[in-house]
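Architecture and fold: a report
The residues making up each chain are set out below.
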Number of protein chains: 2
Amino acid sequence: MPEHEVNATAAALLGLLDGGPATGYALVGAAQEFLGDFWTVTRSQVYRELAAMADRGLVTAGAAGPRDRRPYEVTSLGRAAFDAWLHSDLGPEVVRVPLLLRLAFADRLDGERLAELVADQRAVHAERLRCYRELETAAVAGGTTDRQLLTLRFGIRYETGVLEWLDEVEAVR
Amino acid sequence: MPEHEVNATAAALLGLLDGGPATGYALVGAAQEFLGDFWTVTRSQVYRELAAMADRGLVTAGAAGPRDRRPYEVTSLGRAAFDAWLHSDLGPEVVRVPLLLRLAFADRLDGERLAELVADQRAVHAERLRCYRELETAAVAGGTTDRQLLTLRFGIRYETGVLEWLDEVEAVR
DNA sequence: TGGAGCATGTAATGAGTTACATGATTGG
DNA sequence: CCAATCATGTAACTCATTACATGCTCCA
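To start, this report covers the structure provided alongside it. The residue count restarts for each chain, going from 1 along the sequence in the order it is written. For naming, the first written chain is A and the first written ligand is 1, with later ones following in the order written. Totals for whole chains, interfaces and linings use every residue, but because this is a predicted model, local features are given only for residues with pLDDT of at least 70 and side-chain atom pairs only at 80 or more, for both listing and counting. The basis for every side-chain value is the complete set of heavy atoms in the structure, and neither hydrogens nor water enter the calculation.

1. A few points about the overall build of chain A
- Numbering of helices and strands starts at the N terminus; helices are DSSP runs of H or I of at least 4 residues and strands are runs of E of at least 2. Regarding its fold elements, chain A presents seven helices and three strands.
- For chain A, the sequential pattern of α-helices and β-strands runs α-α-α-β-β-α-β-α-α-α.
- To get the radius of gyration, use the C-alpha atoms; to get the globule rule, take the number of residues to the power 0.38 and multiply by 2.2 Å. In terms of overall dimensions, chain A is more spread out than a globule: its C-alpha atoms have a radius of gyration of 21 Å, far above the 16 Å expected for 173 residues.
- Taken along its principal axes, the extent of the C-alpha atoms in chain A is 60 × 40 × 35 Å.
- The burial tally for chain A puts 43% of its 173 residues in the buried class.
- Working rule for contacts: check all heavy atoms of both residues, and any pair within 4.5 Å makes them a contact. The contacts of chain A with a sequence gap of at least 6 include a subset with a gap of at least 24, amounting to 56%.
- As displayed, chain A offers around 9,100 Å² of accessible surface, 53% of which is attributable to carbon and sulfur atoms. Three exposure classes are used, based on accessible area relative to the maximum for each residue type with a 1.4 Å probe and protein chains only: buried under 20%, partly exposed in between, and exposed over 50%. For the accessible areas, the method is Shrake-Rupley and the probe is 1.4 Å, while residue cover comes only from the protein chains on display.

2. A few points about helix H2 (residues 24-35) of chain B
- For a helix, the expected span equals 1.5 Å multiplied by the number of residues minus one. The terminal C-alpha atoms of H2(B), which comprises twelve residues, lie 16 Å apart, in line with the 16 Å expected from a rise of 1.5 Å per residue.
- Taken residue by residue, H2(B) has Gly24(B), Leu27(B), Val28(B), Ala31(B) and Leu35(B) as its buried positions. Across the axial projection of H2(B), the buried residues extend over an arc of 105°, all falling on one side. For H2(B), the exposed residues lying more than 90 degrees away from the buried face are Tyr25(B) and Glu33(B).
- Buried residues along H2(B) sit against helix H5 (98-104) of chain A together with helix H1 (8-17), helix H3 (43-56) and helix H7 (146-172) of chain B.
- Where H2(B) terminates, the next one or two residues include Gly36(B), which has phi positive at roughly 65°. The arc in question is the one traced by the directions running from the helix axis out to the C-beta atoms.

3. What about the packing of aromatic side chains?
- Centres within 6.5 Å make a pair out of two Phe, Tyr or Trp rings, where for Trp the six-membered ring is used; the pair is then stacked when the planes are under 30 degrees apart, edge-to-face when over 60, and tilted otherwise. Applying the stated criterion across every chain, the model contains 16 aromatic pairs over all chains.
- Note on Phe154(A) and Trp165(B): the rings are 5.0 Å apart at their centroids and 80° apart in plane angle, and the pair reads as edge-to-face. Linking Phe154(A) in helix H7 (residues 146-172) with Trp165(B) in helix H7, this pair reaches from one chain into another. By the burial criterion, Phe154(A) is buried, and Trp165(B) matches it.
- Consider the rings of Phe38(B) and Tyr132(B), whose centres lie 6.3 Å apart with planes at 40°: the pair is tilted. Note that Phe38(B) is positioned in the loop between H2 and H3 and Tyr132(B) in helix H6 (residues 111-141), a separation of 94 residues in sequence.
- Assessed through its relative accessible area of 6%, Phe38(B) is described here as buried.

4. Remarks on the interface of chain A and chain B
- Each side of the interface is counted separately: chain A has 62 residues, and chain B has 62 residues.
- Two parts placed together each lose some accessible area under a 1.4 Å probe, and the buried area is that loss summed for both. Both faces considered, chain A and chain B share a buried interface measuring about 6,200 Å² in area, 61% of it formed by carbon and sulfur atoms.
- The term salt bridge refers to a pairing of a side-chain nitrogen on Lys or Arg with a carboxyl oxygen on Asp or Glu at a separation within 4 Å. For the pair chain A and chain B, the interface holds eight salt bridges.
- Polar contacts here mean pairs of N or O atoms no more than 3.5 Å apart (in protein, one a potential hydrogen donor and the other a potential acceptor; neighbouring residues in sequence count only if both atoms are side-chain atoms). On the surface where chain A and chain B come into contact, there are 24 residue pairs in polar contact (both at pLDDT 80 or more).
- Counting residues per element, the ones that place at least two in the side of chain A that touches chain B are helix H1 (8-17), helix H2 (24-35), helix H4 (76-86), strand S3 (94-96), H5, helix H6 (111-141) and H7 of chain A.
- Looking at the side of chain A that touches chain B, the element that brings in the most residues is H7(A), giving 15 residues.
- Classification convention: Asp, Glu, Lys, Arg as charged; Ala, Val, Leu, Ile, Met, Phe, Trp, Tyr, Cys, Pro as nonpolar; all other residues, Gly among them, as polar. Of the residues belonging to the side of chain A that touches chain B, the class tally is 33 nonpolar, eleven polar and 18 charged.
- Between any two strands, pairing holds if DSSP finds at least two bridges. As paired strands, S3(A) and strand S3 (residues 94-96) of chain B are joined by three bridges and run antiparallel to one another. Its bridge partner being in S3(B), Arg96(A) is matched across the sheet by Val94(B).

5. Considerations on the relation of the copies chain A and chain B
- Copy-to-copy alignment: least squares on C-alpha atoms, limited to residues at pLDDT 70 or above in both. Laying chain A over chain B is done by rotating through 180° and shifting 0.0 Å along the axis; what remains is an RMSD of 0.1 Å. In short, the pair behaves as if placed about a two-fold rotation axis. Distance from the rotation axis, computed per C-alpha, reaches its smallest value in chain A at Val95(A): 2.5 Å.

6. A short note on the packing of H1(A) against helix H3 (residues 43-56) of chain A
Residue and element names in this part refer to chain A.
- Axes here refer to lines fitted to C-alpha atoms; in helices the fit is confined to the stretch in contact. Angles between the N-to-C directions go from 0 to 180 degrees. With their axes 10 Å apart at the nearest point, H1 and H3 run at an angle of 80° to one another. Here H1 lies roughly perpendicular to H3, going by the angle between them. Residue-level inspection shows Thr9, Ala10, Leu13, Leu14 and Leu17 of H1 in contact with H3, the latter providing Gln45, Val46, Glu49, Leu50 and Met53.
- Each residue belonging to the contact of H1 with H3 can be placed in one class, and the counts come to seven nonpolar, two polar and one charged. Angular relationships are summarised with four words: roughly parallel below 35 degrees, roughly antiparallel beyond 145, roughly perpendicular across 65 to 115, and oblique for the angles in between.

Given below as structure tokens:
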């Protein structure tokens, strides 16, 4: 039984590579596009994972173009690893909310600063919500499948919830 | 202008230490109790941060008891660092949802496995919600301040939202 | 044609998790 | 007083972020 486990980020890359070979840089863009804010990947991560996966034979690097720009291609081993991941148990979900940490020590903040803090957060989340809503209508108009909209719907729900909670926070003061 | 910035985890420890000296192990417990699931800290983190802060003079280590068990105490420098953190800008909030990543590749999953996945998640989040609700009623009965309830309220909102979203997911299939 | 700005990759650092080691405690 | 269990700390590892380096492109 081969130990071909991959972490979630690597798996995401394998999934994206299933659509055809791509370079690291392209994968960063594809991930951002396809996975959005709920599973971010940075360039450094991508290159690290690609290199590691190449070592393990899950992908193969093509010939280097200009600046070491080389396309990676998924191997059958890689496809197997992706499939295994796809059927593996989900890891626990972590939600780290800086504002909650701050509020835990709210008694050490004067009321004015606290109000300012809440107002800032409200602006941030309202903007995100607006952005998601916009993307949603664009997607619906563009004929996206419901399945692809799920991410956006999650985002909308989440941001709405945060905003409502902020109301509560303000009510308590 | 001294560069006494601390990260959020270190700041949390400073905040907790403000209540009096404590050992690493005690701080782990206090953090879990006081910050809950929305800012987790592990033992390793705590000891690392304490050591680093001692190096920087933000805390001082007391005499070692049994197994190197030593209480840490916050210094005035540490108090200043905490205060600076308290008034600093909030970092961005990250929400990484493994289920969303999985669903992004849902077209590679057969319907049965997908349904199972969703059912599992539903169970997990329902249980968490139940747990938060229980804590909430206990807290209210125990006369906790509204402020301290905010974390719990966030949790309740969040879990409720996730469960509703799971309904949507199921509807799409 | 040169330099401003973008594309692409890498290195250094920081944060978080898992696995481990071992000293205390306590019920039988 | 021995074994099981809990308490406490440490080390090794994986993952993520920030800062950096440098090659390309394209327009003035």
